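If you want the building blocks of each chain, they are given just below.
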Amino acid sequence: MSEHVVRTGDRRRANCNWKLVVDAFSEGCHLKSLHKDSVEPFFLEHGTVFAKLGRHSRSVGARKAILEARALPQSQWNLRAWTTPFYTLFPNNMLVFHPDWVSRITVYSDGTDHCEVQHDMLIPGDADPEAGYWDTSFRLINEQVFAAEDIAACESIQRMARSGADSEWPIGGLETPVLWFHQHIREALQEAG
Ligand SMILES: [Fe+2]
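On a predicted model such as this, the values are computed, not experimentally measured, just so you know.

Trainee: Give a detailed account of helix α4 (residues 132–163), specifying residues and quantitative values.
Mentor: Relative to the 46 Å expected for 32 residues at 1.5 Å per residue, α4 spans 44 Å between its end C-alpha atoms, a close match to the ideal helical length. At Phe146, α4 is deflected by roughly 40°, the largest bend along its length. Where α4 terminates, the next one or two residues include Gly164, which has phi positive at roughly 80°.

Trainee: Run through the packing of aromatic side chains, naming residues and quoting values.
Mentor: Per the stated rule, a full pass over the model turns up seven aromatic pairs. Between Tyr87 and Phe97, the ring centres sit 5.9 Å apart and the planes meet at 65°, which makes this aromatic pair edge-to-face. With Tyr87 in strand β4 (residues 83–89) and Phe97 in strand β5 (residues 93–97), the pair connects residues that are ten residues apart, well separated along the chain. Looking at Tyr87, the relative accessible area reads 24%, which means it is partly exposed. Accessibility expressed as a relative area gives 15% for Phe97, which makes it buried. Geometrically, the ring pair formed by Phe90 and Phe181 is edge-to-face, given 6.3 Å between the ring centres and 65° between the ring planes. Taken together, the residues Phe90 in the loop between β4 and β5 and Phe181 in helix α5 (residues 176–191) connect sequence positions 91 residues apart. Neither residue differs from the other here; Phe90 and Phe181 are each classed as buried. Through a chain of ring-to-ring contacts, the aromatic side chains of Trp18, Phe90 and Phe181 assemble into a single cluster.

About the thresholds
- Residues numbered from 1 in each chain as written.
- Predicted model: local features only at pLDDT ≥ 70, side-chain atom pairs only at ≥ 80, totals over all residues.
- Heavy atoms only, no water.
- Helix = DSSP H or I, 4+ residues; strand = E, 2+ residues; numbered from the N terminus.
- Expected span 1.5 Å × (residues − 1).
- Bend = angle between axes of the 7 residues up to and from the residue.
- Phe/Tyr/Trp six-rings, centres within 6.5 Å; stacked < 30°, edge-to-face > 60°.
- Buried < 20%, exposed > 50% of the residue type's maximum accessible area, 1.4 Å probe, protein only.

What follows is the structure, given as structure tokens:
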């Protein structure tokens, strides 16, 4: 990360509570449904493992290419190419490690039902910053995967929450980091009085 530079970025207003955006980047189990027309074909169905790091969390989603590991000695394993690690950095930052660049997402609360989402593209400092490849790759992730799929789902969930249709929000075992996040928010608010 210390050798990465910001290539480009985007900021957008989202019509949802900021915590819904953090929820969306705290688990990988929605890939199969929400991202089925974009990045899902690259991933194994149930390939996400996660760990709690204080108030932060780290998840690792396995790409289908990881199956190559079975035929290779461990010294040739390539975690970065075969997985997508992502971090929730408490309270409002997320890092997603794509194979050759990093998404840095910071969400700022702007009222109960609105937030601002900043998405920066971090690329290796020695990469060619003018290569059109970066723009294409950023557009796919920023416009399609994040805006049209993740953020759109967050806004839909916000509308549903506002309607009062659901009084309980069950959290499944595959999305445990979402539970941790909300427990840590509650703790932090209690500490702050
Ligand atoms: Fe997503």
